[in-house]
Amino acid sequence: MICGLIYPQKYNLNLKFIHMNRFVLSLATVFATVTLFSCGAQKQGTSTGNPSSNTSAASGPSASDWKSAVKGTWTLNTIDRENLPSSFTIKSVFEEAPAECFVGSTWNFIGNGKGSITFNAQGTLCAPGASREIFWSIYNPGKGLGEPQFQFKKIYAGDKAKNVTTGYRLDLSYSDGNKLVMRMPLTVANGEAYLVFNFTRSN
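Report follows, based on the coordinates.

How each quantity is defined
- Residues numbered from 1 in each chain as written.
- Predicted model: local features only at pLDDT ≥ 70, side-chain atom pairs only at ≥ 80, totals over all residues.
- Heavy atoms only, no water.
- Buried < 20%, exposed > 50% of the residue type's maximum accessible area, 1.4 Å probe, protein only.
- Helix = DSSP H or I, 4+ residues; strand = E, 2+ residues; numbered from the N terminus.
- Arc of directions from axis to C-beta.
- Disulfide = S-S within 2.5 Å.
- Lys, Arg positive; Asp, Glu negative; His and termini not counted.
- Salt bridge = Lys/Arg side-chain N within 4 Å of Asp/Glu carboxyl O.
- Polar contact = N/O pair within 3.5 Å; in protein donor to acceptor, adjacent residues only side chain to side chain.

Concerning helix 2 (residues 63–70)
Of all the positions in helix 2, only Ala63, Trp66, Ala69 and Val70 are classed as buried. With its buried residues spanning 120° around the axis, helix 2 presents them on a single face. Within helix 2, the exposed residues directed more than 90 degrees away from the buried face are Ser64 and Ser68. Count one or two residues on from helix 2 and you reach glycine 72, which has phi positive near 135°.

A word on the state of the cysteines
Inspection of the entire model under this criterion finds one disulfide. The residue that forms a disulfide with cysteine 101 is cysteine 126, at a sulfur-sulfur distance of 2.0 Å. Across the S-S bond of cysteine 101 and cysteine 126 the torsion is about -85°, and the bridge reads as left-handed. Note that cysteine 101 is positioned in helix 3 (residues 99–102) and cysteine 126 in the loop between strand 8 (114–118) and strand 9 (131–139), a separation of 25 residues in sequence. For cysteine 101, a relative accessible area of 2% gives the class buried. Using a relative accessible area of 14% as the deciding quantity, one classes cysteine 126 as buried.

Quick word on the side chain of aspartate 171
Checked against the element boundaries, aspartate 171 lands in strand 11 (residues 166–175). Here aspartate 171 occupies a buried position and makes no salt bridge, while the nearest side chain of opposite charge, arginine 183, is found at 4.7 Å. A distance of 3.0 Å separates a polar atom in the side chain of aspartate 171 from a polar atom in the side chain of glutamine 149.

Written as C-alpha cells, this is what we have:
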C-alpha cells in the first residue's frame, strides 16, 4: 500500500537524443503502476574526488568525458534511497522490475551505444539470467543549459534503436574509473528525492 504520492516522469526523445518533452502521469496511472522514471536535474560531483562533492557547470566534466568514463562493464552494487520516506513503496524501476531485482545486475555499455542489463538477483519477481538490450548515450543539453546526463532506451526484439523515441535519464554524479554513481531524481508530494545507483567496474 502506498502511503504517499509519487509523480513519475519519462522522456520523449528524438532519434539523436537531442530534445526532450516531459509529462506527468495522471494520479490514476501513478496508483496503477507505481513506476518511477528519471527526470532532469543538475549533475553533482566530478570524475575525481568525493562522490558527494558539488561542482559548478563550468568546471564539470564534458559529455565526451562522461562517455569515456561510463563506457565499459559495471556491476550495480546497491540502490540507495535519498530523502525518500520509508513509507513510499517502489514497485518498479524503469518499467522493468523492482529495485531489488536490479541489485547485482551487470550493465554493459559499448562505445557504439549498444548495451545491455543482465539480471542476477534471486527473488519472486526477479528473473536471474534475463538480459535487456539497451541503447545508451550521454545527453548534452548545450553550453550553459545544464549538465550532461546518462540516458538509455530499452530495445525489444524487432526494434531498431532509431525508431525508439522514449527512454530514461539519470544524473551523473561521480566516477573515478572504478566507481560510478548515478542518481534518479523523483518528484514526491513533499519535495524531491533520489534513488542512488552505485556501480563498480567489472572490467
